[in-house]
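One-letter residues, chain by chain:
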There are 4 protein chains.
Amino acid sequence: MTFQTVILQGHIIDSLILAKVLDTIVMLGGTFTLSEVTVGTKREDLSHATIRIEAPTPELLQEILKTIQPHGAVVETEQDCTVVPAPVDGILPGDFYASSHLSTQIRWEENWIEVPQPEMDLSIVVKTTPFSVHMVPMGAVKKGDLVVTGRKGIRVFPLERPKERDVFGFMEAQVSSERPHRPIIADVAKRMKTIQQQRKEGKGSGKVLLAGGPAIIHSGGREALAWIIEAGYIHVLFCGNALAAHDMEAGLYGTSLGYNLGMGRSVPHGHEHHLRTINRVRALGSIRQAIESGVIKEGIMAACIRQGVQMVLAGTIRDDGPLPDVITDSIQAQATMRAAIPGVELALLVASTLHAVATGNLLPASVPTVCVDINPAVPTKLSDRGSFQAVGLVMDSSSFLSELARELGWEG
Amino acid sequence: MTFQTVILQGHIIDSLILAKVLDTIVMLGGTFTLSEVTVGTKREDLSHATIRIEAPTPELLQEILKTIQPHGAVVETEQDCTVVPAPVDGILPGDFYASSHLSTQIRWEENWIEVPQPEMDLSIVVKTTPFSVHMVPMGAVKKGDLVVTGRKGIRVFPLERPKERDVFGFMEAQVSSERPHRPIIADVAKRMKTIQQQRKEGKGSGKVLLAGGPAIIHSGGREALAWIIEAGYIHVLFCGNALAAHDMEAGLYGTSLGYNLGMGRSVPHGHEHHLRTINRVRALGSIRQAIESGVIKEGIMAACIRQGVQMVLAGTIRDDGPLPDVITDSIQAQATMRAAIPGVELALLVASTLHAVATGNLLPASVPTVCVDINPAVPTKLSDRGSFQAVGLVMDSSSFLSELARELGWEG
Amino acid sequence: MTFQTVILQGHIIDSLILAKVLDTIVMLGGTFTLSEVTVGTKREDLSHATIRIEAPTPELLQEILKTIQPHGAVVETEQDCTVVPAPVDGILPGDFYASSHLSTQIRWEENWIEVPQPEMDLSIVVKTTPFSVHMVPMGAVKKGDLVVTGRKGIRVFPLERPKERDVFGFMEAQVSSERPHRPIIADVAKRMKTIQQQRKEGKGSGKVLLAGGPAIIHSGGREALAWIIEAGYIHVLFCGNALAAHDMEAGLYGTSLGYNLGMGRSVPHGHEHHLRTINRVRALGSIRQAIESGVIKEGIMAACIRQGVQMVLAGTIRDDGPLPDVITDSIQAQATMRAAIPGVELALLVASTLHAVATGNLLPASVPTVCVDINPAVPTKLSDRGSFQAVGLVMDSSSFLSELARELGWEG
Amino acid sequence: MTFQTVILQGHIIDSLILAKVLDTIVMLGGTFTLSEVTVGTKREDLSHATIRIEAPTPELLQEILKTIQPHGAVVETEQDCTVVPAPVDGILPGDFYASSHLSTQIRWEENWIEVPQPEMDLSIVVKTTPFSVHMVPMGAVKKGDLVVTGRKGIRVFPLERPKERDVFGFMEAQVSSERPHRPIIADVAKRMKTIQQQRKEGKGSGKVLLAGGPAIIHSGGREALAWIIEAGYIHVLFCGNALAAHDMEAGLYGTSLGYNLGMGRSVPHGHEHHLRTINRVRALGSIRQAIESGVIKEGIMAACIRQGVQMVLAGTIRDDGPLPDVITDSIQAQATMRAAIPGVELALLVASTLHAVATGNLLPASVPTVCVDINPAVPTKLSDRGSFQAVGLVMDSSSFLSELARELGWEG
């Protein structure tokens, strides 16, 4: 019988982490003694538990330790993390540590050091002179970069429940179309107002990110979203060629994918409209030119340009054209999106599986995130891919945006 | 080679019936000559085509004639329909004619006679002294009733496109969540206003039917629907125990299925609320009593009672309680629903597969019908079961009802 | 500051109940001391925790106690439960205790007594001479029945994880279409084989229940399901008029809802087939007659009759006919279903929202349950309504049944 | 009153084109006389109709002519098409003709000339010395290219129904989960066998294209698809980084997205597996290297390499890594996909909205296409974007591939 004492700390009660760790130990065939439990008596207090784990063999003990590590269990006899140089540009050492999007620290020369801007599925690279640590995508690692390996000297912290007693503070599974949307939307609106207020008062520079798909335009949500942007509530927009093209198609022709938004039916030759729109914007040189020249007068793109919203348009193999602003290289587009993440304090993922998952991949778990889709499988998919923090809202994007805009003061 | 000449008439162009009939003939191995085609030159004109069908064998010719009959193709050498007495109560003669919900005529003593209130999947029963003809459900047929059999002397007419150039006049496949909802909802609202206006002016007594499920309450659509009813826009309500129970639960406890509608989360012991609600209404004796005694002050049930809306509550095996107003026998409930259909000029089927299909079964094809569900499979299912006239709208019921209420003047 | 000491016992670790209770106390504004925690060191051991709860006011303390009671927290100073006579037939006393489908005990004359056959949303009725206790639906309570009220002297036990290390032992959220179905289906098949083996050896009389909808027939699952039943793996069938009618329609005409199952397309006048089928079975008097007379030779109904499967056919307002075996009164149908539940050791809820929810309502939480539907919202709906134990499987019913049959030895 | 005579020819009856054109004329306010209708009396015969259209104003007449042109209506007074040089690289002249994926001809020097490899939403570019005509994407047009403009001298032909009397010959709306899959899958298998047979006998070089998403791996369809490929039934594979990575993850670790495919549950640190897989293949240099070096022994990638299947891996912003074979530039990836289309005689679009729509964009309408997804909205989306020829099959990809493999002889 071998044993090891580990320490769990953080929000281990309200995140159910303590319970999951104890369960895991027993499930895998170990036993445990809870030698010390200090539970925070207020919600914001940290809790602390010392657990002595026993197992019949050293192998099983290692298996248990490996399994509970991602929950934040730290072996008491602390050791520094290990690093190995990357053998080639873009290739990680075999035993690289794959990051989580939870708050993460590495132990370096006996100090625990926070890794900034956590993101899932990256490597952790240490620079020594001067010391710095970063999460780095596989493809961006350079030969010789010191990459953290194994699991020693790394700790992650369970997600802290936000202080606000709003929808993000309850983290109930929301992937049900049979839930009232209004309270969730009201909470989202409240956070958007707070962020805007803080920016106006110079007390903060938090950003609201919207990642969206063309169904926003097709289903009739253009007007509401344009209002929200014009009113200054959105600071970063992630989308593709289609959302931008159909937004401007609606501006030029009143249609989206050839479907007249006002009359509610297809118009003859309507499928050409987005092509003519793209061709025209290409001729003008950029979306900014299309707006500033007055060719496109209103809509989402116009609002973004006027409000200085940071836009990242990522290309896909579905694209016609594409518009001149589209970043057609997916890795470059991803890097541009990644660079826009710091400072995001609220993320709205609306009606696009691709953009929802791609953005979910980039967000720290601590960013309150809402995923809106008419298909309940989309929020599930996001959660399957690790973005468990996202609150799922099953409704059509147009209704969501209209309701959100109204909560923010729209009278449309 | 044998041949037969048939006549097609009605809206055979805009319903694409002529094309389908010609295609069917060729598909089955026959050939045809279009000996005469008189096409209406205005939309409201009837068209007329005489088609000579040739087939290599008499059997194939019969097969072709049988196949094209439901499209309204009438053999030129007209004959009266045949009738056979029902052998036993509730049992039809083996060769009974199964009705369609399209406009139907039978030929009786050389006259074509309209069968009133067409409904799919019924039998046609003739009474001779005095002469009358009705569609009758299998279970309601009495021994000796004269039941129409075979296909001779029966003609059905393709669905006429409504004169209004609104969503019901285009009949495009609408089962896409990527369509703008607003124009459809605007057209629905316009029809509701027209019906109400005509009733007020004594020029009509058309009714608007809403068949709905409890997701209306769960998803937060109660307030909007109650407003629509209070404003006099609904005249018949089909629902089950759950919609009524959760509506009154919301009135008494602010919850639906134990989920607080205002706060957006489950409350402790909330799952008991609908049971306590049902128990209380049972003690009071009826929904009417619950409203009139002041126990329930607002909501959908209260609005229905106050506005004199005809309510049919049909029981199912999911029911708790049930409420005293629920008709627990499904055949009796169906008969009560059927009796409420005449006069319906607009049907809204909202967030209930069961009620949508059951109501679709009862409606003539000529009644403009909208099926609203967040699941695109529900409108498809309705169409698979014959209610092809229903326009599908893929969105959550709460957003639909809010938008509809706003179009009608709500300021919520 | 007031306090109360409560005891939690049962599978409080692996069910995460301890964590949830502690979290709830802190959330509501109380504090706690874990004065004693005895955690089972093997999976089958019970755990035990003594928690001292403190709250600033007696009202808050009561609120906390009320909130944690459904998790199984029992106040240490134990008291008997209270009972109040039902005032009228079918009406419960105002403060009636609404049951859960978890294992439940009441304290009566200082003894804890198990309430047999737990089911959600019922009342608990005590008979005194001789003593017995039962869960009773609201509508079946008689005037004077002693109904348990309040929350004192009642305890419920967290769901115990099954000993089998199969899919039911992990209880991960399975409502994802992106999960491999095969291991789940293999586990289901294994349980079916075990139950059959035990029945054959006279060691058990466990039953497998299948509740299903007509999509089983429409989507082509008839042959596989009939094989499973013929092989003796199903003992109880819950369905409606449609499943039975379309099964026999397929037997007589090769179609389901008029769609030829072999050719994969609609056949002319096919929509009449189910009506002719129903009419014919009505004329014969019963499904049993239809099978025994040789009119229907194979299929699901034939297999059920031949294998002595208990069938409950519940009527709905969608029904044509209906078949003579259909119980048209929903409360009577529900009672017949309830009577068939004792002994069920595995429940398969396939392609019917109505039957899935209705059956989920009747099942104890301890019965392993799988809910199969192509729409991920159906398992979610089931879970929203309390049947959290159900494993959701998002796939079409025909593929599920074929795969299951193959696991059981089918070679189709 | 002005008039114009137009000619419709092709499969105008079975495609319902005649009916739609007549309906459109009347809808827009015109009238017509069918001066001549020659209907093919066998299915393969072409039909021919001469229609005299009258309208009150020349503007309306033009509007009608414009609206019916995409259906193939050709103005009798035939004129050559017009061309205008592209003003700049990548920019089309303002009035460019946007192509359809139906068979298309242009009239050039009084001859009708077929445009090869029709694809929707491209421009048509004419080269004069020597004469050739091609469809060209907007971005690939060069300054000075002669681009067809307007609508004169262009005709498109209604889709011809395939001669085979299989599922592709009926073109019924199949987007219903309540349809039997087996006949459709059997028809697909039959075509695959025919194509393989013809290739083996040197009578043809038709290709089968599969475009798929990673849900194929997640849901357990890997083994079946690998078998199908090994058996030589697939010749082109379109996918992304994820399908390839998870396929090889399954080979190395037995998991997909960290979920053990055999046990049906998540494994500790499983989310790292695909990263380790990608890193390893990057180190090896290519997927081919990973297979040929024996690191990856079986699965979809291994089968493709061994069978010489043409693979196009297109990058997206969701990608980790990516694998070395991924084309990260979306326009280059699209062009590579486009180059693989000629010769495709059957397209299977499986469990990927992105790849389904992107591939649908590239396919001529004449290629029989099946779109398989568990979400009925995906086939609808495809159809909304113009790929109306695709037969929708609502089921999970794993069940589809297993069933298809069994039809082709698999015994798994």
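Provided above is the structure to which this section pertains.
Residues numbered from 1 in each chain as written. Chains lettered and ligands numbered in written order. Predicted model: local features only at pLDDT ≥ 70, side-chain atom pairs only at ≥ 80, totals over all residues. Heavy atoms only, no water.

## Some details on the packing of aromatic side chains
Moving on, step 1. Taken as a whole and assessed by the stated rule, the structure comprises 4 aromatic pairs over all chains.
Moving on, step 2. Each ring, one from tryptophan 108 of chain C and one from phenylalanine 131 of chain C, has its centre 5.6 Å from the other, and the planes form 35 degrees; the classification is tilted. With a gap of 23 residues between them, tryptophan 108 of chain C in strand β6 (residues 104–108) and phenylalanine 131 of chain C in strand β9 (residues 131–136) connect regions that are remote in the sequence.
Moving on, step 3. A relative accessible area of 14% places tryptophan 108 of chain C in the buried class.
Moving on, step 4. Residue classification places phenylalanine 131 of chain C among the partly exposed positions, given a relative accessible area of 29%.
Moving on, step 5. Cation over ring: arginine 52 of chain A sits above phenylalanine 3 of chain A, and NZ or CZ is 3.8 Å from the ring centre.
Moving on, step 6. Directly above the ring of phenylalanine 96 of chain D sits arginine 276 of chain A, whose terminal nitrogen or CZ lies 4.5 Å from the centroid. (Phe/Tyr/Trp six-rings, centres within 6.5 Å; stacked < 30°, edge-to-face > 60°. Helix = DSSP H or I, 4+ residues; strand = E, 2+ residues; numbered from the N terminus. Buried < 20%, exposed > 50% of the residue type's maximum accessible area, 1.4 Å probe, protein only. Lys NZ or Arg CZ within 6 Å of the ring centre and 35° of its normal.)

## A short note on the interface of chain B and chain C
Moving on, step 1. At the junction of the two partners, chain B supplies 56 residues and chain C supplies 56 residues.
Moving on, step 2. Together chain B and chain C conceal approximately 4,800 Å² of surface at their shared face, both sides included; 55% is due to carbon and sulfur atoms.
Moving on, step 3. When the area that chain B buries against chain C is broken down by residue, the three leading residues are His269, Ile317 and Arg318 of chain B, summing to 17%.
Moving on, step 4. Where glutamate 272 of chain B meets arginine 151 of chain C, a salt bridge forms, and the shortest distance between an N and an O atom there is 3.0 Å.
Moving on, step 5. Applying the counting criterion to the chain B and chain C interface returns 24 residue pairs in polar contact (both at pLDDT 80 or more).
Moving on, step 6. Take the side of chain B that touches chain C: its biggest share by element is 7 residues, from helix α7 (residues 273–284) of chain B.
Moving on, step 7. Among the residues making up the side of chain B that touches chain C, the classes are represented as 21 nonpolar, 21 polar and 14 charged. (Contact = heavy atoms within 4.5 Å. Buried area = accessible area lost by both parts, 1.4 Å probe. Salt bridge = Lys/Arg side-chain N within 4 Å of Asp/Glu carboxyl O. Polar contact = N/O pair within 3.5 Å; in protein donor to acceptor, adjacent residues only side chain to side chain. Nonpolar A, V, L, I, M, F, W, Y, C, P; charged D, E, K, R; others polar.)

## Concerning the sheet that holds strand β9 (residues 131–136) of chain A
All names here are of chain A.
Moving on, step 1. Judged by pairing direction, the sheet is antiparallel, and its 4 strands sit side by side in the order β5-β10-β8-β9 without closing on themselves. Edge positions in the open sheet fall to β5 (82–85) and β9, since each of these has one partner strand only. Sheet twist, expressed as the mean angle between neighbouring strand axes with direction ignored, is 40 degrees.
Moving on, step 2. Bridging between strand β8 (residues 123–128) and β9 involves 6 bridges; their strand directions are antiparallel. Along β9, the bridge assignment pairs threonine 128 with phenylalanine 131. (Pairing = 2+ DSSP bridges. Axes fitted to C-alpha atoms, helices over the stretch in contact; angles between N-to-C directions.)

## Brief notes about the side chain of serine 397 of chain A
Moving on, step 1. For serine 397 of chain A, the location among the structural elements is in helix α14 (residues 397–407).
Moving on, step 2. Setting aside chain neighbours within four positions, we find serine 397 of chain A in contact with Ala215, Ile216, Ser219, Val350 and Ala351 of chain A.

## As for the environment of threonine 128 of chain C
All names here are of chain C.
Moving on, step 1. Within the secondary structure, threonine 128 sits in strand β8 (residues 123–128).
Moving on, step 2. You can call threonine 128 partly exposed: its relative accessible area is 42%.
Moving on, step 3. The residues contacting threonine 128, other than those within four sequence positions of it, are Trp108 and Leu146.

## Side note on the pattern of salt bridges
Once the charged atoms of two side chains with opposite charge are near each other, the side chains can pair.
Moving on, step 1. Considering all chains together, one arrives at 60 salt bridges over all chains under this definition.
Moving on, step 2. Aspartate 145 of chain A is the salt-bridge partner of lysine 127 of chain A, the closest N and O atoms lying 3.6 Å from each other. Taken together, the residues lysine 127 of chain A in strand β8 and aspartate 145 of chain A in the loop between β9 and β10 (146–149) connect sequence positions 18 residues apart.
Moving on, step 3. Close ionic contact of glutamate 230 of chain C with arginine 306 of chain C constitutes a salt bridge, the shortest N to O distance being 2.8 Å. In this pair, glutamate 230 of chain C is assigned in helix α6 (residues 222–230) and arginine 306 of chain C in helix α10 (residues 300–307), connecting sequence segments 76 residues apart.
Moving on, step 4. Judged by its relative accessible area of 30%, glutamate 230 of chain C is partly exposed.
Moving on, step 5. Judged by its relative accessible area of 46%, arginine 306 of chain C is partly exposed.
Moving on, step 6. One salt-bridge network, held together by shared partners, links Arg151 of chain A together with Glu272 and Arg276 of chain D.

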